[in-house]
Amino acid sequence: GSIGDMGSAWASEGTARGKYIRLEDNQFSGSIPSELGSIKDLYLLTLHDNSFQGEMPQTVCDLPVAGASVDQYGLFKLTSSCEEVDCSCSSVCKCIDGGDGEDWQLQGRRT
């Protein structure tokens with residue numbers, strides 16, 4: 001398979017399936033791979049608490065955002081340590097810097 005097929009399926013009863021990629025707190029460094037933006041049906045992408053540097057790839061910024069409809073695929077939450085890599089290019093960005101302890105966990109779909 002390709003990187004576009006990567007990810008773990010997640011769904012709750014009555015919702016569309018989406019994929020989640022949890023890369024937080026793994027001591028990764030360097031640039032965030034632009035290929036993450038090619039993952040089909042990506043719902044959750046957590047990148048915070050690593051040592052990434054540079055810019056958020058445009059392919060990630062351009063991911064479609066989840067809509068109000070439970071049948072619509074799209075990104076629901078994107079986290080980043082914004083002191084290193086700002087994710088404000090996405091309306092679903094959540095900055096989590098320096099282990100600030102904020103509850104970033106997935107709380108369910110917007111309705």
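Residues numbered from 1 in each chain as written. Predicted model: local features only at pLDDT ≥ 70, side-chain atom pairs only at ≥ 80, totals over all residues. Heavy atoms only, no water.

A. Here's a closer look at the overall build of the protein. Each helix and strand counted, the protein has one helix and seven strands in total. Along the protein, from the amino end to the carboxyl end, the secondary structure elements read β-β-β-β-β-α-β-β. In the protein, which comprises 111 residues, the share counted as buried stands at 41%. For the protein, restricting intrachain contacts to residue pairs at least 6 apart in sequence, the fraction spanning at least 24 positions comes to 53%. (Helix = DSSP H or I, 4+ residues; strand = E, 2+ residues; numbered from the N terminus. Buried < 20%, exposed > 50% of the residue type's maximum accessible area, 1.4 Å probe, protein only. Contact = heavy atoms within 4.5 Å.)

B. Looking closely at the pattern of salt bridges. Here the structure, examined in full by the defined rule, presents one salt bridge. The partner of R22 in a salt bridge is E24, and the shortest N-O contact between them spans 2.6 Å. Using a relative accessible area of 14% as the deciding quantity, one classes E24 as buried. (Salt bridge = Lys/Arg side-chain N within 4 Å of Asp/Glu carboxyl O.)

C. Representation of the state of the cysteines in the model. For the coordinates displayed, the defined rule picks out three disulfides. With a sulfur-sulfur separation of 2.0 Å, C61 is cross-linked through a disulfide to C89. Between C61 and C89, the S-S dihedral sits near -80°, and the bridge is therefore left-handed. Here C61, found in helix α1 (residues 58–61), pairs with C89, found in the loop between β6 (77–80) and β7 (93–95); they are 28 residues apart in sequence, far enough to count as distant. (Disulfide = S-S within 2.5 Å.)

D. Representation of the environment of F28 in the model. Relative to the helices and strands, F28 is located in the loop between β2 (18–22) and β3 (29–30). By relative accessible area, which is 35% here, F28 ends up partly exposed. The spacing of F28 and N50 is 22 residues in sequence and 5.2 Å in space, taken between C-alpha atoms. Those residues in contact with F28 that sit more than four places away from it in its chain are L23, N50, S51 and F52.

E. Inspection of the pairing of β6 at higher detail. The two faces of β6 match: K77 and T79 on one face and L78 and S80 on the other face are all buried. Across three bridges, the pairing between strand β4 (residues 42–46) and β6 is parallel. When the bridges of β6 are listed, T46 appears paired with T79. Bridging between β6 and β7 involves three bridges; their strand directions are parallel. Within the sheet, the bridge partner assigned to L78 lies in β7 and is C93. (Pairing = 2+ DSSP bridges.)

F. How the structure looks around the nonpolar core. Membership of the largest hydrophobic core comes to 19 residues, with the highest contact counts inside it found for L36, L45, L47, M56 and L78. When near neighbours in sequence (up to four residues on either side) are disregarded, L78 contacts L45, L47, V60, C87, S90, V92, C93 and K94. (Core = buried A, V, L, I, M, F, W, Y, C linked by side-chain atoms within 4.5 Å.)

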